[in-house]
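Analysis of the macromolecular model
The primary structure of each chain is shown beneath.
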Amino acid sequence: MKIINLIQIAWRALSRNKIRTFLTMLGIIIGVASVITMIAIGQGSKQSIQKQITAMGSNMIIIRPVSTLMGGARMDNSSVQTLTVSDVKALEKQVSTINGVSGSVSSRGQIINGPYNWSTTVQGVSPSYLSIRGWTLEEGIPFNNQDVKLASKVCLIGQTLVKNLFPNGENVLGQRIRFKRIPFKIIGILNRKGENTFGQDQDDVLLTPLSTVQKRILSTIYYQTIFASALDENGTELAASDIQKVLRRSHKLQNEVEDDFTVRTQAELIRTFSSTSQTLTLLLTVIASISLIVGGIGIMNIMYVSVTERTREIGLRMSLGARSMDLLLQFLIEAIMISISGGLIGVVLGISASKLVSYFMHWPILITQSSVLISFLVCFATGVFFGYYPALKASRMNPIVALRYE
């Protein structure tokens with residue numbers, strides 16, 4: 001019998017019991033919709049994380065001091081002081097795979113402008129820090145190497161400080177604000193960056209020359225962090241390796257001694273967060289897929305009922321010359337039609353649910369063609385797998401016994 005005839009027969013059989021057919025599809029609909037929604041949320045989160053980390057500086061490399069064993073005891077990280085200006089100079093001269101280096105020190109406290117005050121972080125950096133972080137100015141000018149040499153009391157402020165220290169909309173450039181009784185002249189306003197991957201407000205910052213914080217606030221010669229920028233995004237791993245070698249020589253570390261610093265790249269952060277996001281997405285998808293299994297069991301159950309109800313029909317068709325393969329295909333096509341139809345409705349519902357989640361909850365989503373295609377393939381496989389055994393039962397019936405069935 002032609003496939004088109006079998007499809008027509010299957011369609012008429014399903015149309016006779018519309019409510020039962022829809023209820024059977026419901027498990028598939030919910031399963032497919034859940035899978036597509038979970039994948040869309042997971043992929044959207046992954047893409048959002050990558051964009052946010054890239055916005056922090058896709059080529060950026062971060063060097064921080066770490067605790068080392070001293071006399072058998074491990075020092076606390078907060079008391080470690082290993083990074084100095086000599087390290088920065090060594091990196092600038094000896095590492096050809098980077099195009100910018102900046103030491104960094106910071107202190108947190110109240111910034112005051114007349115009756116207004118705001119708790120923020122004052123960060124001392126070199127002029128190259130702006131290019132390393134991909135930061136630009138909305139207004140004003142950046143400080144320069146001469147400002148660092150003189151420990152000038154000038155600063156660049158983020159949009160959050162502008163909003164909270166100058167709420168009346170007055171001209172900010174040239175104004176003086178105070179931090180721990182030290183006056184800072186505002187020479188530039190940073191462009192908005194928003195929150196980073198960790199939920200921190202990147203605009204809640206005050207940048208000032210590195211030596212200003214070292215000498216006037218912290219009284220230290222050490223750096224809390226060193227930021228560097230690779231020549232290009234693909235060269236960050238090589239640059240990180242070169243930095244590690246140079247710093248080990250600069251710190252005179254023997255082969256058997258552990259590094260007293262860490263070197264991290266944005267690529268590592270992206271891999272870490274992407275792996276976590278991928279694992280979470282997989283977990284949620286597996287949980288959502290349980291609905292597909294339940295839906296498949298529902299298809300198998302209803303197909304067994306259908307075979308039992310139509311036993312005499314099966315016997316009559318076999319007595320008129322229908323082959324076992326024709327009956328097998330007829331009931332298998334019915335199961336696949338239920339599954340595919342449920343899948344189509346589930347895809348529409350899943351895409352709609354993803355859009356609603358994005359609209360109302362402001363979560364990032366990414367609906368991919370592969371997730372829709374996989375859902376269709378899973379629906380087809382579910383129809384074949386769970387519909388095969390009832391169809392096989394129908395094809396193996398004895399026509400004489402089937403015609404006598406009451």
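Now for a description of the structure that goes with this document. (Residues numbered from 1 in each chain as written. Predicted model: local features only at pLDDT ≥ 70, side-chain atom pairs only at ≥ 80, totals over all residues. Heavy atoms only, no water.)

1. A word on the packing of helix α1 (residues 3-15) against helix α11 (residues 324-361)
Relative to each other, α1 and α11 sit at 60°, their axes nearing to 9 Å. Here α1 lies oblique to α11, going by the angle between them. Classified by chirality, the crossing of α11 by α1 is right-handed. Residues Ile 3, Leu 6, Ile 7, Ile 9, Ala 10, Trp 11, Ala 13 and Leu 14 of α1 form the contact with α11, whose participating residues are Asp 326, Leu 329, Gln 330, Ile 333, Glu 334, Met 337 and Ile 338. Residue composition of the contact of α1 with α11, grouped by class: 12 nonpolar, one polar and two charged. (Axes fitted to C-alpha atoms, helices over the stretch in contact; angles between N-to-C directions. Helix = DSSP H or I, 4+ residues; strand = E, 2+ residues; numbered from the N terminus. Parallel < 35°, antiparallel > 145°, perpendicular 65-115°, else oblique. Left-handed = near helix turned anticlockwise from the far one by under 90°. Contact = heavy atoms within 4.5 Å. Nonpolar A, V, L, I, M, F, W, Y, C, P; charged D, E, K, R; others polar.)

2. Details of α11
Across its 38 residues, α11 extends 54 Å between first and last C-alpha, which sits within 8% of the 56 Å expected from 1.5 Å per residue. Note on α11: the residue one or two positions beyond its end, His 362, has a positive phi of about 60°. (Expected span 1.5 Å × (residues − 1).)

3. Re the pattern of salt bridges
A complete count under the given rule lists six salt bridges for this structure. Note that Arg 248 is salt-bridged to Asp 259, the shortest N-O span being 2.3 Å. Linking Arg 248 in helix α8 (residues 236-250) with Asp 259 in the loop between α8 and β12 (261-265), this pair joins segments that are 11 residues apart in sequence. For Arg 310, the salt bridge identified is with Glu 313, shortest N-O distance 3.2 Å. One network of salt bridges, in which partners are shared, links Arg 310, Glu 313 and Glu 334. (Salt bridge = Lys/Arg side-chain N within 4 Å of Asp/Glu carboxyl O.)

4. A closer look at the packing of aromatic side chains
Across all of its chains, the model carries four aromatic pairs by this definition. Between Tyr 129 and Phe 227 the ring centres are 5.2 Å apart and the planes differ by 70°, which places this aromatic pair in the edge-to-face class. With Tyr 129 in helix α4 (residues 129-133) and Phe 227 in strand β11 (residues 225-230), the pair connects residues that are 98 residues apart, well separated along the chain. Under the relative-accessibility criterion, Tyr 129 is labelled buried at 1%. (Phe/Tyr/Trp six-rings, centres within 6.5 Å; stacked < 30°, edge-to-face > 60°. Buried < 20%, exposed > 50% of the residue type's maximum accessible area, 1.4 Å probe, protein only.)

5. Some remarks on the packing of helix α10 (residues 311-319) against α11
Contact geometry of α10 with α11 gives a least axis separation of 10 Å together with a crossing angle of 140°. In terms of crossing hand, the pair formed by α10 and α11 is right-handed. When α10 is examined against α11, the residues Glu 313, Ile 314, Arg 317 and Met 318 are found in contact with a partner set consisting of Ser 324, Leu 327, Gln 330 and Phe 331. Tallied by class, residues from the contact of α10 with α11 come to four nonpolar, two polar and two charged.

6. Some points on the nonpolar core
Burial of nonpolar side chains together is a common tendency in soluble globular proteins. In terms of nonpolar packing, the biggest core is built from 41 residues, with Ile 63, Leu 91, Ile 157, Ile 177 and Ile 243 touching the most fellow members. The dominant element in this core, judged by the number of residues it contributes, is α8, at five residues. Sequence-distant contacts of Ile 63, defined by excluding residues within four places in its chain, comprise Leu 83, Thr 225, Ile 226, Ala 228, Ile 243, Leu 247, Phe 261, Thr 262 and Val 263. Judged by nonpolar contacts, the second largest core, of 35 residues, contains Ile 299, Ile 302, Val 307 and Ile 336. (Core = buried A, V, L, I, M, F, W, Y, C linked by side-chain atoms within 4.5 Å.)

Any functional reading would require information that these geometric values do not contain.
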